[in-house]
Amino acid sequence: MKVLVIGSGGREHALVWKLKQSKKVDKIFCAPGNAGIGQIAKCVNIKPDDSKALIDFVSRNKVHLTVVGPENPLADGIADDFKKRKLKIFGPGKKAAMLESSKIFAKEFMRKYHIPTAAYKAFQTSAEAIGFCKSVEYPVVIKADGLAAGKGAIVVKNLEQAEAAINKMMVKRAFGKAGAKILIESFLVGQEVSIMAITDGKTILPLLPSQDHKQAYDEDQGPNTGGMGAYCPTPFTTEEVMEQIWEHILLRTLNGLKADGISYRGCLYAGLMLTPQGPKVIEYNCRFGDPETQAVLPLLKTDLFELMMSVTKQKLSSFTQLVWHEGSAACVVMASRGYPGKYATGVQIMGLPSKPEAGSFIFHSGTTKKNQKIVTAGGRVLCVMGMDKDLRSSLSRTYRTIRKIKFEGAFYRKDIGFKANKPVDI
Ligand code: AMP
Ligand code: GLY
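Draft legend 1. Highlighting the sheet that holds strand β16 (residues 266-275). A sheet is described by the order of its strands in space; here 4 strands give the open sequence β11-β10-β16-β17, paired in antiparallel fashion. The outermost strands of the open sheet, each flanked by one partner alone, are β11 (204-206) and β17 (278-285). Going across the sheet, the axis of each strand differs from the next one's by a mean of 35°, ignoring polarity. As paired strands, strand β10 (residues 191-199) and β16 are joined by 9 bridges and run antiparallel to one another. Residue pairing in the sheet places Q191 in a bridge with L274 of β16.

Right, dumping it as structure tokens:
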């Protein structure tokens, strides 16, 4: 069977790598891919948002399954375009993708279906938003309604900071039309956990829980990024917590989608805060997380291709459960100096092993080939993964590999997993 993966990051490299392990898959394409993906799949130079060109490619090459990595094509309705032409695609349609592309839509959905989340209020004008901020208890979180590449949430500690954030979003339009509407929500305290679940709209199967590290620097300092590293599973998601997540979040979300007549076939990601009052949803994503995918998929034993095909046919119930490897997996992102702000590209990467040690893998994020050399092409450059019997050993394996790789301006967090080593404080 032939598969096309859309996207060019570490998440897509992990998807390609995992799909390739299926005996049923004999050819994988990636549009547009990167230097690492090019070593295990055929990269095709089509942009992820060019739905027409992707449909042409899939039809001409008789691709059996298309898997969408990033959120933008889903928010634009690529899955609806494919479905109209009876082409199999893993990823939700435009309406379902609004759970990610409009935070106000997601909040209204959660309110309607009693899904626990932070208290909030939505605003269409900056004057009303600032007026509201005069009487709130700080901190609060100010969020752009639309897609802002992970940068649209700002935690503010006083009125002055709130005004600055509101002006940035609504007046200066720092995130374009994504900031035309905003919401202000109460600040939640606890451990953050990412739950990715596979659903065909009838059945939902959670993957193992993971924890991302959003801030750029050690001990959660510095600006928010797309994610600097992750590990799986987490010690905070005890059986009891998982039961609450299942009952109060996953099932209610699935039933809410059904009740609203919204079809969802793909990965539903719930970013959660484990608060003293129980797990609450911080955000939904309508796709796999990056870098969570690079830490979760290596532990999955179940055939990912079969799983995804069953979703497109709405036959996910044929899987009663997912099968996992024992142990733990971790991944650490190597980024370019300056990320998440401005950074250089075209910098040569040295020390990439031709064959990483067993239990370890180097997923490429922003890389490309230039004059037969692999060079940087993005803020997040590589995502090094290690798996082993427990978190400590998987992290040692990851950092052992990462220390061999060098490029000018490279930086990475040295404390991935640090919260797991602290006593559980929820
Ligand atoms: P979002 O764009 O909604 O995923 O928010 C980005 C990050 O901001 C989250 O991963 C959290 O670390 C933080 N955040 C967002 N909303 C809240 C909240 N209500 N309380 C505390 N932290 C939050
Ligand atoms: N790592 C967070 C995300 O994928 O949105």
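The discussion continues.
Draft legend 2. Representation of the side chain of Q294. Position of Q294 among the secondary structure elements: in helix α10 (residues 292-296). Looking at Q294, its side chain comes within polar contact range of the side chain of D290, at 2.8 Å. Once residues within four sequence positions are removed from consideration, Q294 is found in contact with G10, R11, A14, G289, C331, F363, C383 and M385.

Draft legend 3. Examining the pattern of salt bridges more closely. Enumeration according to the criterion identifies 18 salt bridges in this entry. Across the pair K214 and E192 runs a salt bridge whose closest N-O atoms are separated by 3.9 Å. One end of the pair, K214, is in the loop between β12 (211-212) and β13 (215-217); the other, E192, is in strand β10, and 22 residues separate them in sequence. Residue class for K214 comes out partly exposed when judged on its relative accessible area of 21%.

Definitions and cut-offs
- Residues numbered from 1 in each chain as written.
- Chains lettered and ligands numbered in written order.
- Predicted model: local features only at pLDDT ≥ 70, side-chain atom pairs only at ≥ 80, totals over all residues.
- Heavy atoms only, no water.
- Pairing = 2+ DSSP bridges.
- Helix = DSSP H or I, 4+ residues; strand = E, 2+ residues; numbered from the N terminus.
- Axes fitted to C-alpha atoms, helices over the stretch in contact; angles between N-to-C directions.
- Polar contact = N/O pair within 3.5 Å; in protein donor to acceptor, adjacent residues only side chain to side chain.
- Contact = heavy atoms within 4.5 Å.
- Salt bridge = Lys/Arg side-chain N within 4 Å of Asp/Glu carboxyl O.
- Buried < 20%, exposed > 50% of the residue type's maximum accessible area, 1.4 Å probe, protein only.

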